[in-house]
Amino acid sequence: MSTVLKLSNVEVDFEINGVVVNSPLRGINLEIKAGKTLGIVGETGCGKTLTATAIMGLLPSSAVQRGVVEFGNHGAVSSGDMAAIRGSEITMIFQNPAAAFNPIFTIEAQLRMVAQRRNIAKDEIDSTLIHRLESVGLKDSQRVLASYPHQLSGGMLQRCMIAMALISTPMLLIADEPTTALDATIGAQVLALISSLQKREGFAMLFISHDVSAVAKVSDDIAVVYAGRIVETGPTREVMNSPQHPYTRGLLGAIPSAQKARGTLVAIAGNVPSVLTSVVGCAFAERCPLRIESCSQEPPIVQINNQSVSCWRAGQ
Amino acid sequence: MSEIVMQISNVSKVFPSRDSKKGFTAVDSISIDLHKGEVLGVVGESGSGKSTLARCAFGITAPTSGSVTILGQDMAGKSRRATRSLRSNLGFVFQDPAGSINPRMSVQRAIAEPLLLAGQSSDEIDKRVNFLMDRVGLASSQLSRKSHELSGGQCQRVAIARALATNPKIVLLDEPTSSLDLSVQAQILNLLEELRRDFDLTYFLISHNLDVVSHLSDRVAVMRDGVFVEVGKTSDVVNAPAHPFTRELIRAYSGVEKLESDMPADFDLDRWQDGPLNRWAFQNVSQFLPVATIGGSKSPVNLPQSIDPTIDFVKVEVEGKTYSVPELLEDIDTDAIVVLHKGSIVYEKYFNAMTPTSLHLLQSVSKSILGALYAILAERGVVDISKPIAHYLPELVSSVYEHATIAQALDMTVAIDFSEDYLDPNSEMARLDRAAGWRSNSTGRDLALRGFLKTLRANGEHGKVYQYCSANTDVLAWLISEVTGIQYQDLVSQEIWQPMGAAIDASVTLDSEGLSVGNGGISSTARDLALFGQLILDGGRAQGVQIIPQHWVDETFAGASTDVISADYLQALHPGGSYKNKWWITASSSREIFGVGIYGQYVWVDPTTQCVIAKFSSLPIPVDSLHSRKHMALFRAICSANIPT
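What you see is a predicted model; the values in this text were computed from it and never measured.

Participant: So what's going on with the overall build of chain A? Which residues, and what values?
Facilitator: When you go through chain A residue by residue, the secondary structure sums to 11 helices and 12 strands. Buried residues in chain A amount to 47% of all 316 residues. Across chain A, contacts joining residues at least 24 apart in sequence account for 64% of those joining residues at least 6 apart.

Participant: Which residues make up the nonpolar core, and what values go with them?
Facilitator: Counting residues in each nonpolar core, the largest one holds 171 residues, and the members touching the most others are Leu172(A), Val158(B) and Phe204(B). Setting aside residues no more than four positions away along its own chain, Phe204(B) makes contact with Leu34(B), Leu40(B), Ala54(B), Ala57(B), Ile170(B), Leu172(B) and Leu173(B).

Participant: Requested: an account of the environment of Leu456(B), with residues and values cited.
Facilitator: Residue and element names in this part refer to chain B. Counting through the fold element by element, Leu 456 comes out in the loop between α16 (449-454) and α17 (471-484). Once the C-alpha coordinates of Leu 456 and Glu 428 are considered, the two residues, 28 residues apart in sequence, prove to be 8.8 Å apart. Sequence-distant contacts of Leu 456, defined by excluding residues within four places in its chain, comprise Ser 399, Val 400, Ile 416, Asp 417, Phe 418 and Ala 471.

Participant: Which residues make up the interface of chain B and chain A, and what are the values?
Facilitator: Counting from both sides, the interface comprises 43 residues of chain B and, opposite them, 45 residues of chain A. Looking at the side of chain B that touches chain A, the elements with two or more residues in it are α6 (182-199), α7 (210-216), α8 (234-239) and α9 (244-253) of chain B. Sort the elements by how many residues they give to the side of chain B that touches chain A and α6(B) lands first, with 10 residues.

Participant: Kindly report on the environment of Asp13(A), identifying the contributing residues and their values.
Facilitator: All names here are of chain A. Take Asp 13: it is sitting in strand β1 (residues 3-16). C-alpha separation for the pair Asp 13 and Arg 66, spaced 53 residues apart in sequence, amounts to 8.5 Å. Residues in contact with Asp 13, not counting those within four places in the same chain, are Val 20, Val 21, Asn 22, Ser 23, Ala 63 and Val 64.

Participant: Quick one: what's the story with the sheet that holds strand β25 (residues 611-617) of chain B, residue by residue and with numbers?
Facilitator: Sheet strands pair by backbone hydrogen bonding; their relative direction is either parallel or antiparallel. All names here are of chain B. The antiparallel open sheet is built from 7 strands, whose spatial order is β15-β14-β25-β24-β23-β22-β21. Each edge of the open sheet carries a strand with a single partner, namely β15 (344-350) and β21 (578-580). Within this sheet the neighbouring strands show an average axis-to-axis angle of 20°, counted without direction. Pairing between strand β23 (residues 593-597) and strand β24 (residues 601-606): 5 bridges, direction antiparallel. In the sheet register, Gly 597 faces β24, and the bridge partner there is Gln 601. In the packing of helix α12 (residues 365-379) onto the sheet, contacts are made with β22 (583-585), β23 and β24, and the angle to β23 comes to roughly 130°. Contacts from helix α19 (residues 526-537) reach β14 (334-341), β24 and β25, with the element oriented near 145° to β25.

Participant: A description of the sheet that holds strand β11 (residues 301-304) of chain A should follow, citing residues and the corresponding values.
Facilitator: Residues and elements named next belong to chain A. Reading across the sheet, the 8 strands line up as β6-β7-β8-β3-β9-β10-β12-β11 and stay open at both edges, with mixed pairing between neighbours. With one partner strand each, in any of the chains shown, β6 (90-93) and β11 form the two edges of the open sheet. When strand polarity is set aside, the average angle formed by the axes of neighbouring strands in this sheet is 20°. Alignment of β6 against strand β7 (residues 172-176), held across 4 bridges, turns out to be parallel. In the sheet register, Thr 91 faces β7, and the bridge partner there is Leu 173.

Participant: Lay out the pairing of strand β4 (residues 63-71) of chain A with the relevant residues and their values.
Facilitator: All names here are of chain A. As judged from the 8 bridges shared by β1 and β4, these two strands associate in the antiparallel manner. Its bridge partner being in β4, Lys 6 is matched across the sheet by Glu 70. The pairing of β4 with strand β5 (residues 75-76) spans 2 bridges and is classified as antiparallel. Looking across to β5, one finds that Glu 70 is bridged to Ala 76. Remark: 3 residues form the turn of the hairpin made by β4 and β5, two consecutive strands paired antiparallel; Gly 72 in that turn has positive phi of roughly 45°.

Participant: Can you explain the packing of helix α3 (residues 107-117) of chain B against helix α4 (residues 122-135) of chain B? Please cite residues and give values.
Facilitator: Residues and elements named next belong to chain B. Look at α3 against α4: their axes get within 10 Å of each other, and the N-to-C directions meet at 125°. By the angle between their axes, α3 is oblique relative to α4. As for the relative orientation of α3 and α4, their crossing is right-handed in sense. For the pair formed by α3 and α4, the contact residues are Gln 108, Ile 111, Ala 112, Leu 115 and Leu 116 on the first element and Ile 125, Arg 128, Val 129 and Leu 132 on the second.

Participant: Could you give an account of unusual backbone geometry, with specific residues and numbers?
Facilitator: Here the residue pair Gly275(B) and Pro276(B) is connected by a cis peptide bond, since its omega of -5° sits within 30 degrees of zero. Relative to the helices and strands, Pro276(B) is located in the loop between α9 and α10 (277-281). Here the phi dihedral of Asn9(A) falls at roughly 55°; this positive angle occurs in a residue that is not glycine. The residue Asn9(A) is located in strand β1 in this model. Overall, Asn9(A) belongs to the exposed group, with 11 C-beta atoms counted inside 10 Å. A positive phi angle is found at Gln363(B), which is not glycine, with a value near 50°. On the basis of neighbour count, Gln363(B) is assigned to the buried category, with 26 C-beta atoms found within 10 Å.

Analysis parameters
- Residues numbered from 1 in each chain as written.
- Chains lettered and ligands numbered in written order.
- Predicted model: local features only at pLDDT ≥ 70, side-chain atom pairs only at ≥ 80, totals over all residues.
- Helix = DSSP H or I, 4+ residues; strand = E, 2+ residues; numbered from the N terminus.
- Buried ≥ 20, exposed ≤ 12 C-beta atoms within 10 Å, placed from the backbone.
- Contact = placed C-beta atoms within 7 Å.
- Core = buried A, V, L, I, M, F, W, Y, C linked by C-beta atoms within 7 Å.
- Pairing = 2+ DSSP bridges.
- Axes fitted to C-alpha atoms, helices over the stretch in contact; angles between N-to-C directions.
- Parallel < 35°, antiparallel > 145°, perpendicular 65-115°, else oblique.
- Left-handed = near helix turned anticlockwise from the far one by under 90°.

The structure is reproduced here in structure tokens:
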């Protein structure tokens, strides 16, 4: 199976008001195969969206990006090269669909703009738009096209955004928290829609969310991110069933449910560190119940079955 | 059970609304008691009314009607001053911790505020604040901080400390962890449980997050559109949800396993109706075709069960071969069967990944539902079925439907140039499938149903000869939504599916213009289809209401007049049978009627034995007379097994 996206040692630094912030994103290695989904899961500020922004070549000018991003047949691409790929071969959907659409244009005008930019023949645009809306389960395509964003519900708008992202039949779809702003039942429908569209159309997907269960539901592989580092990655089922990194274990143990006795959730002490604090060694060490002396040094990447774990104590 | 600390009786809250004179009812006559030391969790989606309910219960907003009693005292009609001491028994924790703390106040001041209002001395206050800080896990070094210097979790700890300052008995937790990261949420949930135990608190917890609610609560109330659709012990609600919305919510939250879209790798839009692809496709139409929802009832009928284990041993004889019921069910590729006797489930089996809540394509049984819908609307005078179809759809002038009447389309006596050959890719039936989106279409024509229907031509005099033609149903689905201005799926929902008490939303596939595929596009559960059969058996009545006119049901049972029963293929399958109002009527003495769809879909109604059978299959080929005979033999054997009772 061919690789669609490969990141090797991608790092990002920022310079804010003359102060250099070292590596809010550090040593990111990941790979997505054709038609497969990689899920990135992590808490606020761990660098999930920053990773997507770096892939898209959309970092602000204050950022310095290192490492290699390879995409499809293009090989290594710079953020400048990305301009031609972005929006056609790689497209993106976001958390807040209401903010992603321009409130003063109809859905039709906005989808049409995308179709025109993608060089779809004039006489095929109408049928493409209708087909796209229907493929995302919007039955009443004429009404949806004529609507302004505020006239549609959040779930419908999110479907429109998915339709828009698929107009150019991309190789890779980046979905950044696509269900976070939706009610749970609507979010579940959107997840099911994304899964079946992927099966039908074969695009690869980078799915980003803080919601472990949403990520697990759509991803073939999972990367758990903490403080700008991937701490554990592997096939979804294996990571969920036998998490190896103490942070992954803590995160899964923290999910409340009726089956867990009250007051006994795994509560990782402390807080997610701010991106502004520079960390030496393992970033999780400060909160880790298994901490040892060597944790003050950069942890090795340990392979356990199909999982890669960045931890001194992995496998012990 | 322990003492009641809060009693909510018939509380309603109506907000004025621009759209309606009656206003918007956010909370609709809710009654519930809170017992000392319990956690009551209210779960619901945005706009369900849960926060409004809590605001009414805790005296923040006055309810429009109903009463709230706290520790035995009524809150209604009293001034703020009069209820001050009563309100000191209440504590509040809200979603946005930073927003609920005055940014100019220190942590010390924020926690002390309610104590100052209560008039305590500064010595007492300092002692109390230090005690609370310790209990919520904050260091005293943080007392001088302001909210922007704290993390979200720390802010929420301050908010909890403040809520507990006056030693309240009942604490409102309104989305207490919704803006926190998962690992911090776990800290706060553990803390809340610890405090509840130590201080004997009662919690009124509100959240959209079922995981949070079910983890922390003794009882769960599921709220939707201002009412509790389900209330019960947490374990009962989570493990045996009764209401469809609760089930949907649980599905949305369940599991950390990858959703497998189990679409077969060789799925093909031109072959999905045939076996073996239809074994998957008939249960998963919404995964490859656009569908609209046919909403079920908010108060679904719970079919009583009295399973008859002897049915498995009933012998069925078909063409010299004897089968047991399970053998025959397997032989005809059954996906589901539900048998009702006098309205109770006596037999129910599911195969091939089918469940009581999964939907299955009805194929042409959909037509029988349309027949009933027309009966209802014609009775009300919405349409006149003696009128030509083009009377209502002028764009069909010059097509076959210029002169053919609605009644003729309902009885399949339209003389139409149409081949109903399911296997010929050039037949009109195949063109209809392309127009409906049920086949791939590279012909450049028949892009949608309306355009296709305009092209159909007459080939004789209408009303004389029976001719089964699926397009006649699609034109009627189009007509009725045009006349009423209501989408077909919504008509089926409001006129039949809701009033009869369907438990699960059904669906109908849509063509590329969003028109419902009336001829065969409905998917429903087997139970709800059985419920529809029961409605017919009961003369059109359900839940004490006449839904379908009784005279229409009687006419349907009476069948078509004998002069239209021609010697076509119908007679080979159903000797002596006829077709009326989109139902088939057998010629046997027991006068069964049934709806049938290709590949083995049936609803069978037998007035003699008071039995209804809903059955789904995924047979490899669309129509076959041996299959039909097997079905009839099976149904009659099962029905007659019920005669003794």
